[in-house]
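Structural overview
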Amino acid sequence: MMMISKPTTMVVCLKGAATGQQQNRNMATLKQISMRLKSVTNIQKITQSMKMVSAAKYARAERELRQARPYGEGVRAFFEKSGATEAVETGDDNKLIVAITSDRGLCGAVHTNVAKTIRNELSNESVESPQSKVFCVGDKSRALLQRLYAQNIAVVANEVGRKPPTFLDASKVANELVQLNFNSGKIVFNRFKTVVSYQTEEVPLLSAKTMLAAPKLQLYDSIDQGVMESYQEFTVAALLYYTMKESACSEQSSRMTAMDNASKNAAEMIGKLTLTFNRTRQAVITRELIEIISGAAALE
Amino acid sequence: MSYWRAAGLNYVNYSNIAAKVVRRVLKPELQANAAKRDETHVKFTPWVKGKPSNEKA
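Residues numbered from 1 in each chain as written. Chains lettered and ligands numbered in written order. Predicted model: local features only at pLDDT ≥ 70, side-chain atom pairs only at ≥ 80, totals over all residues. Heavy atoms only, no water.

Looking at an unreviewed UniProt entry, one finds chain B named Protein stunted-like and attributed to Acyrthosiphon pisum. In the Sequence similarities (unreviewed entry) part of its UniProt record, chain B is described as follows: "Belongs to the eukaryotic ATPase epsilon family." (UniProt positions renumbered as here; feature names shortened; annotations may be inferred.)

Where an unreviewed UniProt entry is consulted, chain A appears under the name ATP synthase subunit gamma, with the organism given as Acyrthosiphon pisum. According to the UniProt record, the Subcellular location (unreviewed entry) comment for chain A is "Mitochondrion inner membrane". Turning to chain A, the UniProt record has this under Subunit (unreviewed entry): "F-type ATPases have 2 components, CF(1) - the catalytic core - and CF(0) - the membrane proton channel. CF(1) and CF(0) have multiple subunits."

Below you can see the structure in the form of structure tokens.
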């Protein structure tokens, strides 16, 4: 009995509160609506200018990406032609995953996609004995991964994304990476496709040993241990540079779209709020007129 | 073994130093633009056992 009667009284209470609020909202909140209207207009202004800024940054990032692509494509072509692939894992517990993101948010799902890919990868492993290490480039990937996989994080690099990445940035990251002594690794990043689309991809990071053991290495001339060592060091930096550029470009384009959508939504809200504002204003005027007229009529 | 590797550098360090020298000898009008490629801001924090450790800033 109690169980049934309780909810009904609750509903009655809620209903009473709701109608009271409804009346309140219709009548006495002209000022509140205008304040709300003002704040939404401000938000729209902000999102619009953020869109403009990221459009300019995107144009630059795309131009720079076109110059940076050969670095990545060259290395990838070498991996493909020589048939160098990741070493077959035989109790190999020193894998490294590099997450390429940035410090900045408000750009759609770019960072989440990278984190999601890594999370899927890590979910196959046990939490207590971390097998793979994660190198987070950018605060966003750290923020997204630290709750569940803090044990796996090896190094976090931040101050990424305020300015376009340079090769020096990439080589600093590469130096940190090399110090971790990984056996095999990969970089997870967002490859820029068009202004409205990007794709989360991964490229392998190979050690000099696996590169020397590649089956079709004979295609290439005059390679010895020293050359391969240098080239391996260079591939790490070059791949990082390439992926950082790709992901910077995807991020800006994604931010542009996100801010465009936000401005559109704000415009929609402004339309609705103006309508309610005018309606309320008219209702208030009508009410006041009725009060005056009926007051005058009562005096006669 | 090359002389720079004997000095404890790896290829990336070596080529970055070379690039820096090249940037320094550019003509003034090109130097301003090249200087932008000469800066890095990335900072690193090593993590130990799921916590950031601030042994190096």
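Take the overall build of chain B next. A count of helices and strands for chain B gives 3 helices and 2 strands. Compactness check: chain B gives a C-alpha radius of gyration of 17 Å against a globular reference of 10 Å for 57 residues, more than 25% above the reference. Overall, chain B is about 50 × 35 × 10 Å in size when its C-alpha atoms are taken along their principal axes. A burial count over chain B gives 25% of its 57 residues as buried. When the accessible surface of chain B is totalled, it reaches about 4200 Å², and 58% of it is carbon and sulfur. Averaging the locations of the 11 positively and 4 negatively charged side chains of chain B gives two centres separated by 6 Å. (Helix = DSSP H or I, 4+ residues; strand = E, 2+ residues; numbered from the N terminus. Rg over C-alpha atoms; globule rule 2.2 N^0.38 Å. Buried < 20%, exposed > 50% of the residue type's maximum accessible area, 1.4 Å probe, protein only. Areas by Shrake-Rupley, 256 points an atom, 1.4 Å probe, with all protein chains shown as cover. Lys, Arg positive; Asp, Glu negative; His and termini not counted. Charge placed at Lys NZ, Arg CZ, Asp CG, Glu CD.)

Right, let's get into the pairing of strand 1 (residues 95-100) of chain A. Residue and element names in this part refer to chain A. In terms of burial, strand 1 is a largely internal element, 6 of the 6 residues being buried. Residue alternation in strand 1 divides its side chains into two sets, K95, I97 and A99 and L96, V98 and I100, and both sets are buried. The pairing of strand 1 with strand 2 (residues 132-137) spans 6 bridges and is classified as parallel. Looking at strand 2, one finds that I100 is bridged to V137. (Pairing = 2+ DSSP bridges.)

Much of the literature gives interface size as the accessible area that the parts lose upon coming together. On the chain A side, the residues contacting the 22 residues of chain B number 30 residues. With both sides pooled, the region where chain B packs onto chain A buries about 2400 Å², and carbon together with sulfur makes up 54% of that total. Considering only the side of chain B, the residues that lose the most area to chain A are V42, F44 and W47 of chain B, jointly responsible for 29% of the buried surface there. Connecting chain B to chain A are 3 salt bridges. At the boundary of chain B with chain A, the tally comes to 14 residue pairs in polar contact (both at pLDDT 80 or more). Contributions of two or more residues to the side of chain B that touches chain A are made by helix 1 (3-6), helix 2 (11-24) and strand 1 (43-48) of chain B. For the side of chain B that touches chain A, the residue count by class is 7 nonpolar, 7 polar and 8 charged. Across 4 bridges, strand 3 (residues 153-158) of chain A lies against strand 1 of chain B in antiparallel orientation. Counted as the bridge partner of N158 of chain A is K43 of chain B from strand 1 of chain B. (Contact = heavy atoms within 4.5 Å. Buried area = accessible area lost by both parts, 1.4 Å probe. Salt bridge = Lys/Arg side-chain N within 4 Å of Asp/Glu carboxyl O. Polar contact = N/O pair within 3.5 Å; in protein donor to acceptor, adjacent residues only side chain to side chain. Nonpolar A, V, L, I, M, F, W, Y, C, P; charged D, E, K, R; others polar.)

The mixed open sheet is built from 7 strands, whose spatial order is 5(A)-4(A)-1(A)-2(A)-3(A)-1(B)-2(B). The open sheet is flanked by strand 5 (197-205) of chain A together with strand 2 (51-52) of chain B, the only strands paired with a single partner. Relative to strand 4 (residues 184-194) of chain A, strand 1 of chain A is paired through 5 bridges, and the arrangement is parallel. Looking across to strand 4 of chain A, one finds that A99 of chain A is bridged to V188 of chain A. Sitting on the sheet, helix 4 (residues 139-149) of chain A is in contact with strand 1, strand 2 and strand 3 of chain A together with strand 1 of chain B, with an inclination near 155 degrees to strand 3 of chain A. Along the sheet, helix 7 (residues 225-299) of chain A contacts strand 1, strand 2, strand 4 and strand 5 of chain A; its crossing angle with strand 4 of chain A, the most-contacted strand, is approximately 40 degrees. (Axes fitted to C-alpha atoms, helices over the stretch in contact; angles between N-to-C directions.)

Turning next to the environment of F135 of chain A. Structurally, the position occupied by F135 of chain A is in strand 2. Separated by 50 residues in sequence, F135 of chain A and T85 of chain A place their C-alpha atoms 21 Å apart. The residues touching F135 of chain A, leaving out its near neighbours within four places in the chain, are L96, I97, V98, A99, V155, A157, V173, E176, L177 and L180 of chain A together with F44 of chain B.

This part is about the nonpolar core. Residue and element names in this part refer to chain A. Core analysis: the largest hydrophobic core is formed by 41 residues, its most contacted members being V98, F135, L177 and L240. Top contributing element to this core by residue count: helix 7, with 9 residues. L177 has contacts with L96, V98, F135, F182, L205, V236 and L240, leaving out every residue within four places of it along the chain. (Core = buried A, V, L, I, M, F, W, Y, C linked by side-chain atoms within 4.5 Å.)

Among the structural elements, S247 of chain A can be located in helix 7. Note on S247 of chain A: relative accessible area 7%, which makes it buried.

Moving on, we get to the confidence of the model for chain A. Fine structural detail should not be taken from predicted coordinates in areas where pLDDT scores are low. Residue and element names in this part refer to chain A. For chain A, the average pLDDT comes to 85, and 86% of its residues sit at 70 or higher. Here helix 1 (residues 2-27) stands out as the least confident element of chain A, with mean pLDDT 46; helix 7 is the most confident, with 94. Across residues 1-20, where pLDDT falls below 50, the model places 1 contact with residues more than four positions away in sequence or in other chains. (pLDDT = per-residue confidence, 0-100.)

Moving on, we come to the side chain of R5 of chain B. Position of R5 of chain B among the secondary structure elements: in helix 1. Of the polar contacts made by the side chain of R5 of chain B, one reaches the side chain of E229 of chain A; its length is 3.4 Å.

With that settled, consider the environment of V114 of chain A. Residues and elements named next belong to chain A. Following the sequence through the fold, V114 ends up in helix 3 (residues 110-122). Judged by its relative accessible area of 0%, V114 is buried. Residues V114 and M269, 155 residues apart in the sequence, show an inter-C-alpha distance of 32 Å.

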